[in-house]
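# Descriptive structure summary
If you want the building blocks of each chain, they are given just below.
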Amino acid sequence: MASSTLRPEDQDRLDEQDVARRLLDSSAKLSYDPVTEVDWDTPLDKDFHGASPEWSTLYGTAYWSELTDAQRKELTRQEAASVASTGIWFEMILQQMVLRDIYTTDATDPRFQWALTEIADECRHSIMFARGAAKLGAPAYRPRRAVVELGRAFKTLAFGEAAYAAILVAEEVLDVMQRDWMRDERVAPFVRTINNIHVVEESRHMKFARDETRKRLRNAGPLRRQLNAFVIAVASYFIVTSMVNRQVYENAGLDTRRAVTEAGANEHHKSLMRSSCSGLMEFLASARLLTRPALALYKRANLI
């Protein structure tokens, strides 16, 4: 009964703290240590794919039909390593944004403690992705220099809903593809384990990002929504278009120019990306973050 006398903002704060406590409890009960959970010692078995072949950027193209089984498997291994490398790049951005966001907040607040827990998760995930890419026999793929510098600016300047919604975009896209990979027996067992760990732990991060995005937008006016909708769409565009580095084709022994051309026109892959983002786009629409300029960028990135 006492809670009924609270001001709305105080009740909101208590509700948010309750969510953070539940996330902390979930993390304590269901988290993994990749050092012991992933089989790092067994040599790479090249009879396995690195990702579900249907998720390859060349699947369904004329070029794919010409590849040998060994070439297809090597390509998916390189593509999976590239996705992992992009994940590391963005998780480093995410960690810095969250740390900046909680810099002066109350350390006794469960929300502060959950934010640090999320950062700890991301540190472990980045190490896990790095070791996974190395085991797949891939180099350290990086986004283009211009994108790296844009990321540097984004992590420095983005705040509030722009930061948390961009985090959500990156995690939602990875979540859908990794759910397919972790169930696919054609994928290398250690990659499936990595994907399972990431899916389980990121589900908590996505809930937090959705809640934070809604909270930050609670009193936002039209101009703020328009601006942040565009910033989030720009960040999403560069995250998604950086997932598969063009260097993967050369490292898989393919004709890079032809592979890039056919991948860019691959309607199957574009359709997969759009379907993977349906839930995300519903959320962005409900938050009134699908403005015309934002929609144009999402369409260009094949997210809608």
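That block above? That's the structure.
Quantities reported herein were computed from a predicted structural model and do not represent experimental measurements. (Residues numbered from 1 in each chain as written. Predicted model: local features only at pLDDT ≥ 70, side-chain atom pairs only at ≥ 80, totals over all residues. Heavy atoms only, no water.)

### Topic: the packing of helix H7 (residues 160-183) against helix H9 (residues 222-241)
Definition in use: Orientation is described by lines fitted to C-alpha atoms, with helices fitted over the stretch in contact, and by angles between N-to-C directions that extend from 0 to 180 degrees. By the criteria applied, helices consist of DSSP H or I runs no shorter than four residues and strands consist of E runs no shorter than two, each listed in order from the N terminus. Note on convention: the crossing is left-handed when the near helix lies turned anticlockwise from the far helix by less than a right angle, right-handed when the turn is clockwise. Every residue pair with non-hydrogen atoms within 4.5 Å of one another is taken to be in contact. We call Asp, Glu, Lys and Arg charged. Ala, Val, Leu, Ile, Met, Phe, Trp, Tyr, Cys and Pro are nonpolar, and the rest, Gly among them, are polar.
Two elements in contact, H7 and H9, have axes whose closest approach is 9 Å; the angle formed by their N-to-C orientations is 35°. With respect to the hand of their crossing, H7 and H9 are arranged in right-handed fashion. Of the residues in H9, those touching H7 at Glu161, Ala162, Ala165, Ala166, Val169, Ala170 and Val173 are Arg224, Asn228, Val231, Ile232, Ala235, Ser236, Ile239 and Val240. The residue makeup of the contact of H7 with H9, split by class, is 11 nonpolar, two polar and two charged.

### Let's talk about helix H12 (residues 267-276)
Basically, it comes down to this: Each residue's exposure class comes from its accessible area (1.4 Å probe, protein chains only) as a fraction of the maximum for that residue type: buried when under 20%, exposed when over 50%, partly exposed otherwise. Working definition: the arc comes from the directions between the helix axis and the C-beta atoms, pointing outward to the latter. Polar contacts, as used here, are pairs of N or O atoms within 3.5 Å; protein pairs need one atom able to donate a hydrogen and one able to accept it. Residues neighboring in sequence count only if both atoms are side-chain atoms.
Within H12, the full set of buried residues consists of His269, Lys270, Leu272, Met273 and Ser276. Axial view of H12: buried residues confined to an arc of 160°, hence all on one face. Contacts from the buried residues of H12 go to H7, H9, helix H11 (256-264) and helix H13 (278-286). With a side-chain oxygen positioned 3.1 Å from the backbone nitrogen of His268, the residue opening H12 is Asn266.

### Focus on the pattern of salt bridges
Operational definition: The salt bridge criterion pairs a side-chain nitrogen of Lys or Arg with a carboxyl oxygen of Asp or Glu, the two atoms within 4 Å.
Going through the model one piece at a time under the given rule, you end up with 24 salt bridges. Two residues, Lys215 and Glu212, come together in a salt bridge whose shortest N-O distance is 3.2 Å. Residue Lys215 and its partner Glu212 are located together in helix H8 (residues 189-216), separated by three residues, close to a single helical turn. The exposure class assigned to Lys215 is buried, which follows from its relative accessible area of 19%.

### Re the packing of aromatic side chains
The test is simple: Within 6.5 Å between ring centres, the rings of Phe, Tyr and Trp (the latter by its six-membered ring) count as paired, and their orientation is classed by plane angle as stacked under 30 degrees, edge-to-face over 60, tilted in between.
Enumeration according to the criterion identifies five aromatic pairs in this entry. Taking the centre distance of 5.9 Å and the plane angle of 85° together, the rings of Tyr164 and Phe208 count as edge-to-face. Of this pair, Tyr164 sits in helix H7 while Phe208 sits in helix H8, placing them 44 residues apart in sequence. For Tyr164, a relative accessible area of 3% corresponds to the buried category.

### Points about helix H6 (residues 145-157)
Short version of the rule: Expected helix span is taken as 1.5 Å per residue step, with the number of steps being one fewer than the number of residues.
With 13 residues, H6 ought to run about 18 Å at 1.5 Å a step, and its terminal C-alpha atoms sit 19 Å apart, in line with that. Regarding H6, the residues found buried are Val147, Gly151, Phe154 and Lys155. Take H6 and look down its axis: the buried residues cluster within an arc of 90°, on one side only. Opposite the packed face of H6, turned more than 90 degrees from it, sit the exposed residues Arg145, Ala146 and Leu157. Each element contacted by the buried residues of H6 is listed here: helix H4 (69-102), H7 and H9.

### Brief notes about the packing of helix H5 (residues 110-135) against H8
We count it as follows: Convention used here: angles under 35 degrees read as roughly parallel, angles over 145 as roughly antiparallel, angles from 65 to 115 as roughly perpendicular, and any remaining angle as oblique.
At a closest axis distance of 10 Å, the pairing of H5 and H8 adopts a crossing angle of 150°. In terms of orientation, H5 and H8 fall into the roughly antiparallel class. When the axes of H5 and H8 are compared, the crossing they make is left-handed. Across the interface between the two elements, Arg111, Trp114, Glu118, Asp121, Glu122, Arg124, His125, Met128, Phe129, Gly132 and Lys135 from H5 touch Phe190, Ile194, Ile197, His198, Glu201, Glu202, Arg204, His205, Phe208 and Lys215 from H8.

Any functional reading would require information that these geometric values do not contain.
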